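# Structural description and commentary
The lines below spell out each chain.
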Amino acid sequence: MPVPSSRWTPARRWATDGRRPAARPVRTLIVLASAAVLLAACGGEEKAAAPEIRPVRTVTVVSRAAGDTVTLTGQVEAQNEASYGFRIGGRIIERRVNVGDRITAGQVLARLDPQNEQNAVRQAEAALSAANAQLSQTRNAYDRQRQLLARGFTPRAQYEAAEKAFLTSRSQVENAEAQLKIANDRLGYTELRADAPGTVTARRAEPGEVVQPGQTVVEVARQDGRDAVFEVPAQVLNSLPENAPVTVSLVDNAAVTASARVREIAPQADPVTRTFRVRMGLTNPPEAMRLGTTVSGRISTGEGSAIEVPASALTRLDGKPAVWVVDPSEHTVALRTVEVLRFSPATAAIASGLSPGEVVVTAGVQALHPGQKVRLLEGGA
């Protein structure tokens, strides 16, 4: 039975003749949707590619004096200290000086019991007398044999024996004289004498003690110069210029001053404090700067001028110190290498690489790249 034409639809036609109905409107919608998605994606890429303006803190650098003044506390000591001891051993019978006494050159400081050395001197004198007597006897015998030999009244062998005895006796006399001199020297060693003026700073032995040769009896600070001695940290020591001038003053009276120069630096740090002992020779020190007086020293650690920046501004470029410098017209940054003169946990002194008036980034340096635009925050560094 035929189907009415009013009910004939494309679906029925496809069912009857096997052809698929047209789907062009649906494809068009899909294409338009894809295009819209692509346009939206392209718009996002354009927004992501826009340069990021990073906020940073900066500082405008200025030139300042490169040197800092470091104040240290120390004490006055003698440039030369001597430890006096006897050259021979013995029992001390007298010590003539005490701590704080001023001494002169040649003054007797202490004495040993001289009994043994006096006996040795007497023994040497007796030996010398015996040697002289023997020499006189052999000289007379030699003179007689020489005269007889000249006349032919004595054999030559007897003359030579007399000559040998004479030469031996003369050598014995020389030996006895040397022994007497040694004995007299040892007797003189029983007195301990100062070889230069100074002040006694310590005594190490008392009368009645038996001391060994070379054992210290008294210590003397010689008066040929004074030093101001300081314990200096390694960081300050490394920044000291050569022949740095030092002004030394009394702690209890700053008006008493003297100039000084670094004379000696300990080659090794103290194992406990990790500081280095520095001796500074005082030039014409006033009388008030006595030995042991506490003094303060003011040291200038540098000369000339340098540019100081916060330590946070430093970064590295190819293993060298560098800073980010802001171009004020373009508001972009560039990385520039610098030479660091001095560094501390808070600041760094720049010797070269920067000019006064330039703007340096002090915070946010880790996230920057060359040519990046920045926005300067208020408040500076």
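Summary of the structure given here. (Residues numbered from 1 in each chain as written. Predicted model: local features only at pLDDT ≥ 70, side-chain atom pairs only at ≥ 80, totals over all residues. Heavy atoms only, no water.)

This next bit is on the overall build of the protein chain. From N to C terminus, the protein chain includes 5 helices and 24 strands. For the protein chain, the exposed area adds up to about 23,600 Å²; of that, 51% sits on carbon and sulfur atoms. (Helix = DSSP H or I, 4+ residues; strand = E, 2+ residues; numbered from the N terminus. Areas by Shrake-Rupley, 256 points an atom, 1.4 Å probe, with all protein chains shown as cover.)

Strand order in the open sheet formed by 4 strands is β8-β7-β5-β10, and the pairing between neighbours is antiparallel. The strands lining the two open edges of the sheet, one partner per strand, are β8 (191-193) and β10 (210-211). For strand β7 (residues 108-112) and β8, the ladder comprises 3 bridges, and the chain directions are antiparallel. The partner of arginine 111 across the bridge, within β8, is glutamate 191. (Pairing = 2+ DSSP bridges.)

In a regular helix each residue adds 1.5 Å, so 33 residues correspond to 48 Å; helix α4 (residues 156-188) covers 48 Å between its end C-alpha atoms and thus fits that length. Among all positions in α4, only Tyr159, Ala162, Phe166, Ser169, Val173, Ala176, Leu180 and Ala183 are buried. The elements touched by buried residues of α4 are α3 (115-151). (Expected span 1.5 Å × (residues − 1). Buried < 20%, exposed > 50% of the residue type's maximum accessible area, 1.4 Å probe, protein only. Contact = heavy atoms within 4.5 Å.)

So, on to the side chain of serine 249. With respect to the secondary-structure elements, serine 249 resides in strand β13 (residues 245-250). Leave out the neighbours within four places in its chain, and serine 249 touches Ala254, Val256, Thr257, Met289, Val295, Ser296 and Arg298.

Here 4 strands make up an open sheet; going across it, the order is β4-β11-β9-β6 and the pairing antiparallel. Two strands bound the open sheet, and with one partner strand each, they are β4 (81-85) and β6 (102-103).

Taking 1.5 Å per residue as the helical rise, α3 with its 37 residues ought to reach 54 Å, and the 55 Å between its terminal C-alpha atoms agrees with that figure. Every buried residue belonging to α3 is among Glu117, Val121, Ala124, Leu128, Ala131, Leu135, Thr138, Tyr142 and Gln145, and all of these are buried. On its buried side, α3 packs onto α4. Immediately beyond the C-terminal end of α3, within one or two residues, lies glycine 152, with a positive phi of roughly 85°.

Looking now at the pattern of salt bridges. Enumeration according to the criterion identifies 20 salt bridges in this entry. Across the pair lysine 181 and aspartate 185 runs a salt bridge whose closest N-O atoms are separated by 3.2 Å. Of this pair, lysine 181 and aspartate 185 both sit in helix α4, separated by 4 residues, roughly a single helical turn. Residue lysine 181 is classed as exposed on the basis of its relative accessible area, which comes to 52%. (Salt bridge = Lys/Arg side-chain N within 4 Å of Asp/Glu carboxyl O.)

This brings us to the pairing of strand β12 (residues 226-233). The sheet contact formed by strand β3 (residues 69-78) and β12 spans 5 bridges and is antiparallel. By the bridge assignment for β12, glutamate 77 is matched with aspartate 227. The pairing of β12 with strand β15 (residues 275-283) spans 7 bridges and is classified as antiparallel. Note that in β15 the partner of phenylalanine 230 across the bridge is valine 278.

With that out of the way, let us pick up the pairing of strand β19 (residues 320-327). Sheet topology note: the strand β18 (residues 315-317)/β19 ladder contains 3 bridges and is antiparallel. Directly across from arginine 316, in β19, lies its bridge partner proline 321. Count of turn residues in the β18/β19 antiparallel hairpin: 2 residues, of which aspartate 318 carries a positive phi of about 55°. One ladder, built from 6 bridges, connects β19 with strand β20 (residues 332-337); its direction is antiparallel. Across the sheet, the residue bridging to valine 325 is alanine 334, located in β20. Connecting β19 to the next strand, β20, in antiparallel fashion are 4 residues, including histidine 331 with a positive phi near 55°. Of the pairings in the sheet, the one linking β19 to strand β23 (residues 359-363) comprises 2 bridges and is antiparallel in character.

Nothing here speaks to function; it is all geometry.
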